[in-house]
Every structure is written in C-alpha cells, then in structure tokens.
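Architecture at a glance
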Amino acid sequence: MTEAFVAARIGRPHGLRGEVTVQVHTDDPEGRFVVGESFTTEPAATGPLVLRSVRQHQGIYLLAFEGHTDRTAAEALRGTRLLVADDEDDAAEGEEDGWREDDLVGFAVVLPDGSPLGEVSALHVRPVQDLLEVRTPGGEVLVPFVDELVPEVDEIARRVVVDPPPGLLELGE
C-alpha cells in the first residue's frame, strides 16, 4: 500500500463559483496544483477531486474542483485533505510533501539560535492552520505551523526550528 501525504487542507469557500481557500502543506504548490490534477482525499468519500482552476488572491491559494461549481458545493469540501502519493517523482528524490502527527511527535524544538525550547508533543489539525503543540519546561505552548514561525523541519536530525514573535511563548503561561 502506498503512503499518502497531505498536500493541502481545504478551508472556507471563496465567492460564489465553487472556489475554496486551502492551507498549503507542500513546498511546491505550483507543481502540485495544476489544472486537471486529480487528488485522493481524506475523507475518501469526498474524492477523488479533479482541479478545475487555481489562482492566488492576497497570497492565499484558491482552488476549484470539477463538479463543485457553487458556494454550497464548496462548503461541503471544508476540512477535506488533498493527498498525494509518497511514490511520486519528488518523493523519490527525498522531498517531503507534508507532515503527519506521527512524523513530528518527539522532535526536538529549538529556537533559530539553536537553543532548546522543548519537544513536539502533538500536531493539531485545524481548518485554517495547523498548530504544533510544544512541551516546554514551562508547560505546553501552541505554535501556528506556518513557514514564517516554523522555518525548518529537519527529519534526519529530528528537529524543528521555531522562530516565534515576541510574546508568543508567554501566551500559554
């Protein structure tokens, strides 16, 4: 059985013509989101979904799928994960398309200067953005799992670099 990874998670509808926002979980959205591309989904009953259109609006990817041409149909897709098979070309080159909780739990969490912060204790999958739960000496802290705040995930070293804005780590205390 081929493993699949999350390339994106569908968020809320955008407009009236079936477009949806997506939270991107791939480092190559231009290569993944190509009109005509078919995605298996989680839950499986929602898919497969064939990409009808792709565009960006204010830095957010907006996707539309065949057979989902209005806002009501788009709303029914909310929370659906778009999956890609691990055996695709770039996976063979060692590139990762996304992360699962099982992949990240137990990773060391460090600040950009290398100083230890804690350990990944969970990955909370949310409709708008995922959250990394980090166990620190001061307690659990939730960090939005976005490139700006989590610039590096090193699977070989089992380490996550977190670059929090001032005050983020104190919010959980």
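The structure reproduced in this document is the subject of the present report. What you see is a predicted model; the values in this text were computed from it and never measured. Think of each chain on its own: its residues are numbered from 1, step by step along the sequence as written. Since the coordinates come from a predicted model, pLDDT governs what is reported: local features require at least 70, and pairs of side-chain atoms require 80 or more to be given and counted, while whole-chain, interface and lining totals use all residues. With hydrogens and water set aside, each side-chain value is computed from the structure's full complement of heavy atoms.

**Some thoughts on the side chain of Thr-80**
Helix and strand definitions follow DSSP, with helices as H or I runs of at least four residues and strands as E runs of at least two, each counted in order from the N terminus. Inspection of the secondary structure assignment puts Thr-80 in the loop between α2 (71-75) and β6 (81-85). Within the local environment of Thr-80, its side chain forms a polar contact with the backbone oxygen of Leu-77, the two atoms lying 2.8 Å apart. When checking whether two residues touch, look at their non-hydrogen atoms; a contact exists if any pair is within 4.5 Å. Apart from residues no more than four positions distant in its own chain, Thr-80 is found in contact with Ala-8, Arg-9, Ile-10, Thr-41, Glu-42, Pro-43, Thr-46 and Leu-49. Here a polar contact is recorded for every N or O atom pair within 3.5 Å, except that within protein the pair must consist of a potential hydrogen donor and a potential acceptor, and residues adjacent in sequence are included only if both atoms are side-chain atoms.

**With respect to the side chain of Gln-23**
Residue placement: Gln-23 occurs in strand β2 (residues 19-24). Take Gln-23: its relative accessible area is 9%, and that puts it in the buried class. Only 2.4 Å separates the side chain of Gln-23 from the side chain of Arg-9, close enough to count as a polar contact. For each residue, the accessible area found with a 1.4 Å probe, counting protein chains only, is set against the maximum for its type, and the residue is called buried under 20%, exposed over 50%, and partly exposed in between.

**What about the nonpolar core?**
Remark: nonpolar core denotes a set of buried residues (Ala, Val, Leu, Ile, Met, Phe, Trp, Tyr, Cys) joined through side-chain atoms within 4.5 Å. Within the largest apolar cluster, 18 residues are counted, with the highest numbers of intra-cluster contacts made by Leu-104, Leu-132, Val-143, Val-150 and Val-160. Examining the composition of this core, we find that three residues originate from one element, strand β8 (residues 116-124), more than from any other. When neighbours within four sequence positions are excluded, Val-143 is seen to be in contact with Asp-130, Leu-131, Leu-132, Val-134, Leu-149, Val-150, Val-162 and Leu-168. By size, the runner-up hydrophobic cluster in this structure holds 16 residues, among which are Ala-7, Ile-10, Leu-63 and Phe-65.

**Some thoughts on the pairing of strand β9 (residues 131-136)**
Extensive coverage of β9 is indicated by the burial of five of its six residues. The criterion for strand pairing is that DSSP finds at least two bridges linking the strands in question. One ladder, built from five bridges, connects β8 with β9; its direction is antiparallel. Each residue of the ladder has a partner; that of Leu-123, found in β9, is Leu-132. Two elements, β9 and strand β10 (residues 139-144), share six bridges in a ladder whose sense is antiparallel. Bridge assignment links Glu-133 to a residue of β10, and that residue is Leu-142.

**A few points about the pattern of salt bridges**
Pairs may arise between side chains of opposite charge once their charged atoms sit close together. Any Lys or Arg side-chain nitrogen located within 4 Å of an Asp or Glu carboxyl oxygen qualifies as a salt bridge. Scanning the model with the defined rule gives seven salt bridges in all. Where Arg-135 meets Glu-140, a salt bridge forms, and the shortest distance between an N and an O atom there is 3.3 Å. Classification of Arg-135 as partly exposed rests on a relative accessible area of 42%. Here Glu-140 falls in the partly exposed class, since its relative accessible area comes to 36%.

**Side note on the sheet that holds β6**
With antiparallel pairing, six strands are arranged side by side around a closed barrel as β1-β2-β5-β4-β3-β6. Averaged over all neighbouring strand pairs, the angle between strand axes comes to 50°, with direction disregarded. In this structure, strand β4 (residues 49-57) lies alongside strand β5 (residues 60-65), joined through six bridges in antiparallel fashion. For Gln-56, the partnering residue across the bridge sits in β5 and is Tyr-61. Axis definition: a line fitted to C-alpha atoms, limited for helices to the stretch in contact. Angles are taken between N-to-C directions and run from 0 to 180 degrees.

By themselves, these figures tell us nothing about what the structure is for.
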